[in-house]
Amino acid sequence: NDAIDEINTYDISAIVDTSEYRSLWSEKINSTIEICRTKENNSAIAEFEKLISSINAVGFDNVYATTKCTLLQNNIIERKYIIARELEKGNKLHEAATAYKEINALEKKRVPTLSALRFILCKLKLGDTSDILQHKDKIYSLLKNAAQAFKAEKDDIAYRFSLALLKAGEDKEALSILADYL
């Protein structure tokens, strides 16, 4: 860290492209990840976000910056998953749903991820039938397109979704969900 800070005081933009400078940054990133293993989740996330901002400010080429930022972003996502699961287990379902939504935005995937499924599960657990019925298309899409690796979550969603449909008086649709997904 001190070496990078010292080099940065000289404001020599040509140094950014040297392997030595990149090695210093790689070491800084790896040591930050290692140090953060023992830190509390929110504190580690703040450190990773600060480091991403620093990487972007340096002016590295897109490939190097993307590689290093993706590494840090994955650590952020991992920590946010831990926070979201703790919230969900503590029955803080609104907060957990918000956390899963943030994770889903960070993941930027076209296929349903665990965060999208857990978000829907939190919403279903909250039991707001009108809210659930407004998002039926999204729930159907998740059930249809989620990977088999998420079978437990898909089964739980199908079960809870069918209960919400029954509660809303949509018996045939609820039976269809049960037949198609359970």
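Everything below is about the structure shown above.
What comes next concerns the included structure. What you see is a predicted model; the values in this text were computed from it and never measured.

Cut-offs used in this document
Residues numbered from 1 in each chain as written. Predicted model: local features only at pLDDT ≥ 70, side-chain atom pairs only at ≥ 80, totals over all residues. Heavy atoms only, no water. Axes fitted to C-alpha atoms, helices over the stretch in contact; angles between N-to-C directions. Helix = DSSP H or I, 4+ residues; strand = E, 2+ residues; numbered from the N terminus. Parallel < 35°, antiparallel > 145°, perpendicular 65-115°, else oblique. Left-handed = near helix turned anticlockwise from the far one by under 90°. Contact = heavy atoms within 4.5 Å. Nonpolar A, V, L, I, M, F, W, Y, C, P; charged D, E, K, R; others polar. Buried < 20%, exposed > 50% of the residue type's maximum accessible area, 1.4 Å probe, protein only. Polar contact = N/O pair within 3.5 Å; in protein donor to acceptor, adjacent residues only side chain to side chain. Patch = residues over 30% accessible without salt bridge, like charges linked within 9 Å, V, L, I, M, F, W, Y side chains within 5 Å. Areas by Shrake-Rupley, 256 points an atom, 1.4 Å probe, with all protein chains shown as cover. Salt bridge = Lys/Arg side-chain N within 4 Å of Asp/Glu carboxyl O. Phe/Tyr/Trp six-rings, centres within 6.5 Å; stacked < 30°, edge-to-face > 60°. Expected span 1.5 Å × (residues − 1).

Axis separation between helix H4 (residues 62-89) and helix H6 (residues 114-126) bottoms out at 12 Å; the angle between their running directions is 20 degrees. Considered as vectors, H4 and H6 are oriented roughly parallel to each other. The element H4 and its partner H6 pack so that their crossing is left-handed. Side by side, H4 and H6 meet where Tyr81, Arg85 and Glu88 of the first sit next to Leu114, Ser115, Arg118, Cys122 and Lys125 of the second. When the residues that make up the contact of H4 with H6 are grouped by side-chain class, the tally is three nonpolar, one polar and four charged.

Locating Arg118 in the fold gives a position in helix H6. What makes Arg118 buried here is its relative accessible area of 9%. Separated by 2.3 Å, the side chains of Arg118 and Glu88 make a polar contact. In this structure, Arg118 is in contact with Arg85, Glu88, Tyr100, Lys125 and Glu153, ignoring residues within four places of it in sequence.

So, on to a nonpolar patch on the surface. A cluster of nonpolar side chains, Tyr159, Leu163, Leu166 and Leu182, forms an exposed patch at the surface whose accessible area comes to about 380 Å². Along the chain, Tyr159 falls in helix H9 (residues 151-167).

Looking at where Glu107 falls in the secondary structure, it is placed in helix H5 (residues 93-107). Glu107 sits 46 residues away from Asp61 along the chain, and the two C-alpha atoms are 22 Å apart. Leave out the neighbours within four places in its chain, and Glu107 touches Ile77, Tyr81, Thr113 and Ser115.

All right, on to the packing of helix H8 (residues 136-145) against helix H10 (residues 171-181) then. Close contact between H8 and H10 brings their axes to 12 Å; oriented N to C, the two are set at 15 degrees. Regarding the angle of H8 to H10, the classification is roughly parallel. Handedness of the H8/H10 crossing: left-handed. Here Lys136, Tyr140, Leu143 and Lys144 of H8 come into contact with H10, specifically with Glu173, Ile177 and Tyr181.

A few words now on the packing of aromatic side chains. The final tally for this structure, using the stated rule, is five aromatic pairs. By the ring-pair criterion, three or more aromatic residues cluster together here, those being Tyr21, Trp25, Phe60 and Tyr64.

Another point: the environment of Phe161. Along the chain, Phe161 turns up in helix H9. When its relative accessible area of 0% is taken as the criterion, Phe161 is described as buried. Apart from the residues within four sequence positions on either side, Phe161 is in contact with Leu124, Ile132, Lys136, Ile139, Tyr140, Leu143 and Ile177.

The next thing to look at is unusual backbone geometry. The phi dihedral of Asn91 falls on the positive side, at around 60 degrees, and the residue is not glycine. Within the secondary structure, Asn91 sits in the loop between H4 and H5. Backbone geometry places Lys108, a non-glycine residue, at a positive phi of 50 degrees. Secondary-structure assignment places Lys108 in the loop between H5 and H6.

In this model H4 runs 39 Å from its N-terminal to its C-terminal C-alpha over 28 residues, within 8% of the 40 Å that 1.5 Å per residue would give. Its side-chain oxygen placed 3.1 Å from the backbone nitrogen of Val63, Asp61 serves as the N-cap of H4. Count one or two residues on from H4 and you reach Asn91, which has phi positive near 60 degrees.

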